[in-house]
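# An overview of the molecular structure
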Amino acid sequence: SVINNANKGDYIVLKSGNYEIEATNNKTAILITGKKSLSLIGQKDVWIRTKQGRVTILTIDSSEDITINNIGMIHEVKCGYCEGVVVKLLKVNNINIYDATLNGSGSQAIQMENAQHVTVTGGKAINNTGGVFNIKNSVDEVFRWSILTIPHDIKLGAGKSSRGR
């Protein structure tokens, strides 16, 4: 795939439109692993969509200096329960997510473990009824959402962290 073949410093630009994806390993649809200095940028109105309710849309694992900009991600589960995460960050450093819409349709917007220096600004976290965040063993996160919807009976997240919200 384009991401697997990307080199340090590459920009991957997604043209406007809908990108229907499926997880082949039944765990994550898009995997960025072992990358340094990579940007995934959407032009106007870019949506990454999955109908699979039990998968993570985007996982970034063992990577650093990754930027995600202007991309919407959504679980579109017609029936049944959605328990997939929108974005999962594992063993990462210096991750920036700008102007992204994270629509979980029954899951968490962001799950992170062993993450450092994560910034999420200008985007939306909506329909994430499993909680907006699940953060474990992570430090120096900054969240500045434009729109954040939290059902009245849902907690913001779990785990211990130093957060600037």
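Residues numbered from 1 in each chain as written. Predicted model: local features only at pLDDT ≥ 70, side-chain atom pairs only at ≥ 80, totals over all residues. Heavy atoms only, no water.

Let us now look at the layout of surface pockets. Its boundaries defined by the atoms lining it, the largest pocket holds a volume of some 390 Å³. Looking at the largest pocket, it is lined by 18 residues, and the ones nearest its centre are S1, I3, A29, I30 and L31. Secondary-structure elements contributing two or more residues to the lining of the largest pocket are β1 (11-14) and β3 (28-33). In terms of residue count, the dominant contributor to the lining of the largest pocket is β3 (4 residues). Across the lining of the largest pocket, the residue classes tally to 12 nonpolar, 5 polar and 1 charged. (1 Å grid on protein atoms, 1.4 Å probe; cavity = no way out; pocket = protein on both sides within 12 Å on 5 of 7 lines; lining within 4 Å. Points joined across faces, edges and corners; volume = space filled by probe spheres on them. Helix = DSSP H or I, 4+ residues; strand = E, 2+ residues; numbered from the N terminus. Nonpolar A, V, L, I, M, F, W, Y, C, P; charged D, E, K, R; others polar.)

Let's shift gears to the nonpolar core. In this structure, I60, I68, M73, V87, L89, L102 and I110 are the most contacted members of the largest nonpolar core, which totals 38 residues. Residues in contact with I68, not counting those within four places in the same chain, are I32, L40, L58, I60, M73, N96, I97 and Y98. (Core = buried A, V, L, I, M, F, W, Y, C linked by side-chain atoms within 4.5 Å. Buried < 20%, exposed > 50% of the residue type's maximum accessible area, 1.4 Å probe, protein only. Contact = heavy atoms within 4.5 Å.)

The next subject is the pairing of strand β9 (residues 87-98). With 4 bridges joining them, strand β6 (residues 56-61) and β9 adopt parallel strand pairing. Across the sheet, residue T59 finds its bridge partner in β9, namely K88. As paired elements, strand β7 (residues 64-69) and β9 share 5 bridges and run parallel to each other. Considered in β9, the bridge of N69 is made with Y98. As judged from the 10 bridges shared by β9 and strand β11 (residues 110-121), these two strands associate in the parallel manner. Across the sheet, residue V92 finds its bridge partner in β11, namely A115. (Pairing = 2+ DSSP bridges.)

Phi is positive for S62, which is not a glycine, with a value near 50°. Given a relative accessible area of 37%, S62 falls into the partly exposed group. Even without a glycine there, the phi angle at D65 is positive, about 55°.

Moving on to the environment of N96. By the element assignment, N96 lies in strand β9. The exposure class assigned to N96 is buried, which follows from its relative accessible area of 12%. The sequence separation of N96 and N69 amounts to 27 residues, and the corresponding C-alpha distance is 8.0 Å. Leaving out residues up to four positions away in the same chain, N96 has contacts with I66, T67, I68 and T119. Of the polar contacts made by the side chain of N96, one reaches the side chain of Y98; its length is 3.3 Å. (Polar contact = N/O pair within 3.5 Å; in protein donor to acceptor, adjacent residues only side chain to side chain.)

Further remarks concern the pattern of salt bridges. Evaluated as defined, the whole model comprises 3 salt bridges. E76 serves as the salt-bridge partner of R49, at 2.4 Å between the closest nitrogen and oxygen. Here the residue R49 occupies a position in strand β5 (residues 46-50), and E76 occupies one in the loop between β8 (72-75) and β9, the gap between them amounting to 27 residues. Its relative accessible area of 22% is what places E76 among the partly exposed residues. In this structure, K91 engages D61 in a salt bridge whose closest nitrogen and oxygen atoms are separated by 3.8 Å. Separated by 30 residues along the polypeptide, K91 in strand β9 and D61 in strand β6 bring together distant segments of the chain. (Salt bridge = Lys/Arg side-chain N within 4 Å of Asp/Glu carboxyl O.)

Turning our attention to the environment of V46. With respect to the element layout, V46 can be found in strand β5. In sequence terms V46 and T101 are 55 residues apart; their C-alpha atoms lie 9.9 Å from each other.

Nothing here speaks to function; it is geometry throughout.
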